Amino acid sequence: MNTFSLAPLILYLPLAGLLFNGLFGRGIVDRNRKSGERFVGWLATLMTFGAFVVSLTLLVSLATNGFEAWYVPIMDWINIPGANFQVGWTQQVDTLSVTMMLVVSGIGTLIHIYAIGYMHDDPDFSRFFTYLNLFVFFMLILVSASSYLMMFVGWEGVGLCSYLLIGFWFGRVDKNGAPANSNAARKAMVMNRIGDFGVLLAMFLLFWTFGTLDYTPIFDGAVEMYKANHVVQFGGMSLSLPTVLTAVTALLLLGAAGKSAQIPLYTWLPDAMAGPTPVSALMHAATMVTAGVYLLVRSNVLYEVVRDSGALILGLISTPDLVAWTGALTAFFAGLIAFSQNDIKKVLAYSTVSQLGFMVAAAGMGAYVAAMFHLITHAFFKALLFLGSGSVIHGMEHGHHEIAHGHGDDGDGHDGHDAHHEDDGFDPQDMRYMGGLRNRMRVTYITYMIGALALAGIFPLSGFWSKDEILLHAQTHEMPIFILLALAALGTAFYVGRQLIMVFFGKPRHAAAEHAAESPALMTRPLIVLAVLTALGGLLNAPYLTKAMAERNEMHPRGFWFLLEQWGEHSIPAIHLTEEGVVHMPHTPVVLSPVVAGLSMLLAVGGLLLAWLVYRGRPRTWDEADRLARTPIWWWNILPLNTFYSRGLVPLFNRFAAWSAFKLDGEFWHDFIHDRVIRDMFVTFAAFSSNVLDAQGVDGVVNGAGAVTRRLAGVLRLTQTGYARTYALAVFLGAVGLLVYFLFMAN
Amino acid sequence: MPSAVDINWYIALSGILFVIGALGVLLRRNAIILFMSIELMLNSANLLFVAFARHLGDLDGQVLVFFVITVAAAEVAVGLALIVAIFRTRKSINIDEINLLKG
């Protein structure tokens, strides 16, 4: 018994919250709107916060336990002795999973609090918090799993929650009358399914190769089998281990691309902004979408073995390089796409795709800790930005509401958020209607500013440190990727500057912006907490200033977890493969490189400056054309994935779905199998039973017996004349007959 | 000992009486006549019993006749009561009119 045995609580607490809110939440909210909302919302928040507290105790436990991974079995799950296949519900508590648990539950708690304010008066208030707890539950399964299969349960679970929450307002239609929200939800599901397919195939291969799906045996086995030049048998085919692992890692990359919205599967994430803003912040920025990065970091041993072996896909590129290039290209192109977005949340969505690209690129280059570091700081500042944008939207809606209904209605009485009021084409999310909000929404403005500057990478905010670490690694390892990422960083600063100018600076371009008001404290306080985290998050892994300092600290480590680098090395070993075998090396400490840091700072400031030059005081009115609109957005043509999705994949899928629905399901299954075969067979048999067996058989026997009796009686009754003398004659003749018989015939 | 009458005469007489009785039952419609005919048949049987008892020197036949007479008396008592009852309801003792059990 030790504090590790508390680990299952991180699952049980959200589970309890979601069961309670799911079963009784609606009734509680319906009985008393005000106190019911408070109860349901704070219950869900408390459960997530409980998970956060437990994660903190796990952190302390790990530190006192020498950072050794600890396995907490919950129960058995699958046990097939014949195939020697065993998977249990076992949690793996190591530095990597605890880091993720803290991020998920910590940011989750803040967003729960924010959502109590944001979802106020929504008719489905309790459903929302049920889904949020469900998400926290599945996400914690994902990060605390000790095997790929258990991880996959969480993986699919968060996908389901994503679907449910993107389509939370499933009834809303867009200007064309299409059910935009449910379409977006479906799109996310379909795109994620492609990635899930990759993860599934990777799991099959792993099981075939290693005979297990648990992380530790797989990673240990991979290194040992690689040392021993193991050959994997596939029926008649024998493949070397690096070849198999190349396939596995490529498939895992496909999974990560689906979940973490990388090229070519990124298109679902911008559409996912149809969900409520807290969802965008929690799932589609801070936590869920980082699951793909987590998967890559978790599987680091596999990637390192492939990297060391030099195995190539089709002789072109090794999978770690493919990961790095996927990430870098995504970072670059998604940043470009963000230039042309006018929806405040869409800008952030493409920015998320771009930043996820940074993380994936870092993981691909082997900078796993840097990827995790950026994951954490990104979770801070992107959650902050999304919540801030939600606050802006809330304020714009308030302003719009006030124009429509006059003054005096203070604070309460919004009829749902993110609603697209159709009256004058006004859209509370469209940045063209905003402007000058810095004077109307002070807290939101300051916190948003901190988040945006962190995203741009301004010293000394957290985004600077984490992005710098990735850039440093790229600069020393892969020059082309460094150039791409540096350009992406410049683009990031540019679209951030554009957004800041359009939202907070200049003059209000719409009456709604003039009447916008600050959001309630429930919403602004989480913003302040996140702003503090964003500002100080860089301390998690601040680099050493000089090499000498780094060496001194390596020899005399400062306590146990001051730096993420030292903290992370216990679950992300740097593998060095030598002639003798594998040696786990301690990480080389990150040393601040003045060149890279200076360049990165230059790019950030340059991007912001460029944005200021282009957008200063623009657009003047809400319908003025974007200054960039004059330049053809050529990258749309280079990257026609969205078009491919909407022109190619959607009609194809629709046709297939229609074929499935009408032909396969309707004509074949329902009409033919059900109606023709099953129903008609049954009807025929029933008709036979009823008309032939029953009507003619059973009834025939019964009625026949009656009819025969009647007919016989008809004959026999003639003998009953009613004349006593007839009877007497019969008796007499009978007597004579008997007499004759006995006298003459009996002998 | 008077000269014994040949047994065949008794048998012939008994047969004639029985045939008369049977024809009476079958042909006549008056219930009273019917009863009388039945008595005639019974008594033809009695005659035969007595004749054979004497002829064979066995008293069993004699005893049986008493039983027959007793039963006949009881039968007449019941039968006459029935006829009286029928007459009261139908004002007739024609047995052809009593045909309620006609099929």
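For the structure, see preceding data.
Please read all numbers here as calculations on a predicted model, not as lab measurements.

### Remarks on the overall build of chain B
Turning to step 1, where the next piece is worked out: For chain B, the count of helices and strands is three helices and zero strands.
Turning to step 2, where the next piece is worked out: The order of α-helices and β-strands along chain B, N terminus first, is α-α-α.
Turning to step 3, where the next piece is worked out: Relative to a compact globule of 103 residues, whose C-alpha radius of gyration would be 13 Å, chain B shows 17 Å and is clearly more extended.
Turning to step 4, where the next piece is worked out: Principal-axis analysis of the C-alpha atoms gives chain B an extent of 55 × 25 × 25 Å.
Turning to step 5, where the next piece is worked out: Counting all 103 residues of chain B, 14% fall into the buried class.
Turning to step 6, where the next piece is worked out: Long-range contacts, defined as pairs at least 24 residues apart, comprise 45% of the intrachain contacts of chain B with a sequence gap of at least 6.

### Brief notes about the overall build of chain A
Turning to step 1, where the next piece is worked out: Secondary structure summary: chain A contains 27 helices and six strands in total.
Turning to step 2, where the next piece is worked out: Relative to its 747 residues, chain A shows a buried fraction of 48%.
Turning to step 3, where the next piece is worked out: Expressed as a percentage of contacts within chain A between residues at least 6 apart in sequence, the contacts between residues at least 24 apart total 80%.

### Topic: the pairing of strand S3 (residues 231-234) of chain A
Residue and element names in this part refer to chain A.
Turning to step 1, where the next piece is worked out: The pairing of S3 with strand S4 (residues 237-240) spans four bridges and is classified as antiparallel. Bridge pairing links Phe234 to Met237 in S4.
Turning to step 2, where the next piece is worked out: Between the end of S3 and the start of S4, which pair antiparallel, lie two residues, with Gly235 showing a positive phi angle near 60°.

### Quick notes on the environment of Phe682(A)
Turning to step 1, where the next piece is worked out: Tracing the backbone through its elements, the reader meets Phe682(A) in helix H26 (residues 641-716).
Turning to step 2, where the next piece is worked out: Residue Phe682(A) is classed as exposed on the basis of its C-beta count, with 10 C-beta atoms lying within 10 Å.

### Here we look at the nonpolar core
Turning to step 1, where the next piece is worked out: Of all hydrophobic cores here, the largest spans 219 residues; its most connected members are Leu140(A), Val293(A), Ala361(A), Ala371(A), Ala383(A) and Leu485(A).
Turning to step 2, where the next piece is worked out: When residues in this core are grouped by element, the largest group, 19 residues, is from helix H15 (residues 368-405) of chain A.
Turning to step 3, where the next piece is worked out: Those residues in contact with Leu140(A) that sit more than four places away from it in its chain are Ile10(A), Leu11(A), Pro14(A), Ala51(A), Met101(A) and Val104(A).
Turning to step 4, where the next piece is worked out: By size, the runner-up hydrophobic cluster in this structure holds seven residues, among which are Ala22(B), Ala31(B), Leu34(B) and Ile95(B).

### Side note on helix H10 (residues 277-286) of chain A
Turning to step 1, where the next piece is worked out: Burial within H10(A) is extensive, with ten of its ten residues counted as buried.
Turning to step 2, where the next piece is worked out: Those residues of H10(A) hidden inside the fold are in contact with helix H3 (95-118), helix H4 (125-144), helix H5 (148-166), helix H9 (268-271), helix H14 (344-364) and H15 of chain A.

### Observations regarding unusual backbone geometry
Residue and element names in this part refer to chain A.
Turning to step 1, where the next piece is worked out: Between Phe459 and the following residue, Pro460, the backbone shows a cis peptide bond with an omega angle of 0°.
Turning to step 2, where the next piece is worked out: Considering the arrangement of structural elements, one finds Pro460 in the loop between helix H17 (442-456) and helix H18 (462-477).
Turning to step 3, where the next piece is worked out: Positive phi values are uncommon outside glycine, yet Ala261 reaches one of about 55°.
Turning to step 4, where the next piece is worked out: Along the polypeptide, Ala261 turns up in the loop between helix H8 (241-259) and H9.
Turning to step 5, where the next piece is worked out: The exposure class assigned to Ala261 is buried, which follows from the 31 C-beta atoms found within 10 Å.

### Side note on the environment of Val50(B)
Residues and elements named next belong to chain B.
Turning to step 1, where the next piece is worked out: Within the secondary structure, Val50 is located in helix H2 (residues 31-56).
Turning to step 2, where the next piece is worked out: What makes Val50 partly exposed here is the crowd of 16 C-beta atoms within 10 Å.
Turning to step 3, where the next piece is worked out: Considering only alpha carbons, one finds Val50 and Gly79, 29 residues apart in sequence, at a separation of 26 Å.
Turning to step 4, where the next piece is worked out: Not counting the four nearest positions on each side in its chain, Val50 is found in contact with Gly61, Gln62 and Val65.

### Section: H2(B)
Residue and element names in this part refer to chain B.
Turning to step 1, where the next piece is worked out: Helix length check: H2, at 26 residues, gives a terminal C-alpha distance of 37 Å against a target of 38 Å (1.5 Å per residue), a fit within 8%.
Turning to step 2, where the next piece is worked out: Where H2 is concerned, the buried positions are Ala31, Leu34, Ser37, Met41, Leu42, Ser44, Asn46, Leu48 and Phe49.
Turning to step 3, where the next piece is worked out: Turning to H2, the residues buried within the fold contact helix H1 (7-27) and helix H3 (60-90).
Turning to step 4, where the next piece is worked out: Backbone geometry just downstream of H2 places Gly57 in the positive-phi region, at approximately 70°.

### As for the packing of helix H11 (residues 291-298) of chain A against H14(A)
Helix-helix packing is characterised by the crossing angle of the two axes and by the distance between the axes.
All names here are of chain A.
Turning to step 1, where the next piece is worked out: Between H11 and H14, the shortest axis-to-axis distance is 10 Å and the interhelical angle comes to 5°. The pairing of H11 with H14 is recorded here as roughly parallel in orientation. Every residue of H14 that contacts H11 at Val293, Leu296 and Val297 is listed here: Leu356, Met359, Val360 and Ala363.
Turning to step 2, where the next piece is worked out: The class makeup of the residues in the contact of H11 with H14 is seven nonpolar, no polar and no charged.

Cut-offs and rules
- Residues numbered from 1 in each chain as written.
- Chains lettered and ligands numbered in written order.
- Predicted model: local features only at pLDDT ≥ 70, side-chain atom pairs only at ≥ 80, totals over all residues.
- Helix = DSSP H or I, 4+ residues; strand = E, 2+ residues; numbered from the N terminus.
- Rg over C-alpha atoms; globule rule 2.2 N^0.38 Å.
- Buried ≥ 20, exposed ≤ 12 C-beta atoms within 10 Å, placed from the backbone.
- Contact = placed C-beta atoms within 7 Å.
- Pairing = 2+ DSSP bridges.
- Core = buried A, V, L, I, M, F, W, Y, C linked by C-beta atoms within 7 Å.
- Expected span 1.5 Å × (residues − 1).
- Axes fitted to C-alpha atoms, helices over the stretch in contact; angles between N-to-C directions.
- Parallel < 35°, antiparallel > 145°, perpendicular 65-115°, else oblique.
- Nonpolar A, V, L, I, M, F, W, Y, C, P; charged D, E, K, R; others polar.

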